[in-house]
Every structure is written in structure tokens, then in C-alpha cells.
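This is what each chain is made of:
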Amino acid sequence: MFLIQNTLVSLDVLEKEFCCDLDKCRGCCCIEGDAGAPVSEDELRIIEQLLPDLLPQMTPEARAVVEKQGLSYIDPSGERVLSIVNDKDCIFARTDHNGWCYCLIEKAYNAGKLTFKKPLSCHLYPIRLTKVGDLVGVEYHRWDICHCARQLGKKLHTPLYKFLREPLVRRFGEDWYNELELTASEWEKQMRK
């Protein structure tokens, strides 16, 4: 682990290669799993404001879940997460006619209708943030469904931290990211000796 400002960064974040291959996975991380995506109270407030525009686009099943239990719940680990449909699908996930999964929030953001892209945990995936005392742990979460992303990352020689530059800067800032890059560069030099 590397200490960068107020974070502990896992070596995997620097060394693992990763690049989402949507042509192969079709965004299945939004519709697979056993819990919703972690979400902060601030993000929930934003999503609640967006809900009147999002509800008509949600599936009937997702609308029913929101009506019954709300936008989020506390998962077994004690973390607040977005609600899911059928114990796996994010309430904001939709599938197009080609079988590609997409996020309603991100689609509206990409169309210029919102200034909120999507929950940070979704944007950062496969990096997960954890609490480590007074620090934030920045860790790689390995999931079998991302096998094609690991293959493409290896083919393109794309380290995980470079693939996730935008969300890492979103969460920690440009200075933090520059320090991460410097750390990665120094680590790589050490490994070549």
C-alpha cells in the first residue's frame, strides 16, 4: 500500500491493467451482483431531485421497488447502497434493443440534461473506497464478469489508475492524482532494477 495524502492506495491500483470492454460485457456490472452500488447521502439528495425526470424512464419493476423501499437501503455490511430489482439489477439500469445495459442517470448526463454523471462508486468501479481509520483505502475489486476488461487492459497496457483517471480526479483532485502518477512511475522504476 502507498500513502498518498489521506489515502492508502493498494498496489493493485498501480499494477493491474484494466479497460472496460463494453463490446463484450455490454455493461453487465449494472445488472449483476447481490447488492446495489454504494451511494452517499449527498448523492442521494441529488438523485432525489432528479427522480421526477428519471421515474418515467425506469422499468415498472424499478419504479415499484422505489415506491416500496425508496432509492436506497443499508446492505448487510452496513453500507448505504442504491436499491436493486430482483436482487441484482440497479434501479437506474436499462437494456437497449441490442442487449446493452446503460445507466439512465449517465445517459441524461451525456445528453447534457444533468450535471451529475452518476454515483461515484459506479464511476470508480472496479476501485472501491473503504475506511481505514482516519484514511481512505483505495482498493481494486476483482469481479469475474470483468475478465474481458482485464484482457483488454493487458492488450492496451492500460494500468487501472490511468483508466480511471477521471473518477479518481473527481473524488480526490488533480494534485492527488499527480502524486499517484509520480508514485506509480517511481514504483515502476524500482521494479525494473
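The structure this text deals with has already been given above.
Below or above, wherever it landed, is the structure these notes cover. (Residues numbered from 1 in each chain as written. Predicted model: local features only at pLDDT ≥ 70, side-chain atom pairs only at ≥ 80, totals over all residues. Heavy atoms only, no water.)

**Focus on the overall build of the protein chain**
This is how it is decided: Under the scheme used here, helices are H or I runs from DSSP no shorter than 4 residues and strands are E runs no shorter than 2 residues, and both carry numbers assigned from the N terminus. C-alpha atoms define the radius of gyration in this analysis, and the globule rule sets the expected value at 2.2 Å times the number of residues to the power 0.38. We call two residues in contact when some of their heavy atoms are within 4.5 Å. Using the Shrake-Rupley algorithm and a 1.4 Å probe, accessible areas are obtained, with residue cover drawn only from the displayed protein chains. Asp and Glu are treated as the negative residues and Lys and Arg as the positive ones, with His and the ends of the chain left uncounted. Charged side chains are reduced to one point each, which is NZ for Lys, CZ for Arg, CG for Asp and CD for Glu.
A tally of regular secondary structure across the protein chain gives 10 helices and 10 strands. Against the 2.2 N^0.38 benchmark of 16 Å for 193 residues, the protein chain shows a C-alpha radius of gyration of 18 Å, consistent with a compact globule. If you line up the protein chain on its principal axes, its C-alpha atoms span 60 × 40 × 35 Å. Contacts in the protein chain between residues far apart in sequence, at least 24 positions, make up 64% of those at least 6 positions apart. Total accessible area on the protein chain stands at roughly 11100 Å², and carbon and sulfur atoms take up 50% of it. Side chains of the protein chain carry 26 positive and 30 negative charges; the gap between the two charge centres is 4 Å.

**Some thoughts on helix α3 (residues 41-54)**
Convention followed: What a helix is expected to span follows from its residue count: subtract one and scale by 1.5 Å. To obtain the bend at a residue, axes are fitted to the seven residues ending there and to the seven starting there, and the angle between these axes is taken. Using a 1.4 Å probe on the protein chains alone, a residue whose accessible area is under 20% of its type maximum counts as buried, one over 50% counts as exposed, and one in between counts as partly exposed.
Between the first and last C-alpha of α3 there are 18 Å, a value that for 14 residues agrees with the 20 Å anticipated at 1.5 Å per step. Along α3, the sharpest change in direction is near 35° and occurs at Glu48; proline Pro52 comes one to four residues later. Restricting attention to buried positions, one finds in α3 the residues Glu43, Leu44, Ile47, Leu50, Leu51 and Leu54. Along its buried surface, α3 packs onto α4 (60-69), β3 (72-74), β4 (80-82), α5 (104-110), α6 (120-124) and α9 (165-172).

**Some remarks on the environment of Leu180**
In this structure, Leu180 sits in helix α10 (residues 174-192). Spatially, the C-alpha atoms of Leu180 and Leu11 are 11 Å apart, while their sequence positions differ by 169 residues. Setting aside chain neighbours within four positions, we find Leu180 in contact with Ile4, Val9, Leu14, Tyr161 and Leu168.

**Focus: the pattern of salt bridges**
This is how the line gets drawn: Salt bridge criterion: a side-chain nitrogen from Lys or Arg within 4 Å of a carboxyl oxygen from Asp or Glu.
Considering all chains together, one arrives at eight salt bridges under this definition. Between Glu41 and Arg80 there is a salt bridge, with its nearest N and O atoms 3.0 Å apart. Of this pair, Glu41 sits in helix α3 while Arg80 is found in strand β4, placing the two residues 39 residues apart along the sequence. For Arg80, a relative accessible area of 26% translates into the label partly exposed. Between Glu106 and Lys118 there is a salt bridge, with the nearest N and O atoms lying 3.0 Å from each other. Of the two residues, Glu106 is situated in helix α5 and Lys118 in the loop between α5 and α6; the sequence distance between them amounts to 12 residues.

**Here's the deal with unusual backbone geometry**
Backbone torsion omega between Tyr125 and Pro126 reads 20°, so that peptide bond is classified as cis. Here Pro126 is to be found in the loop between α6 and β9 (127-132).

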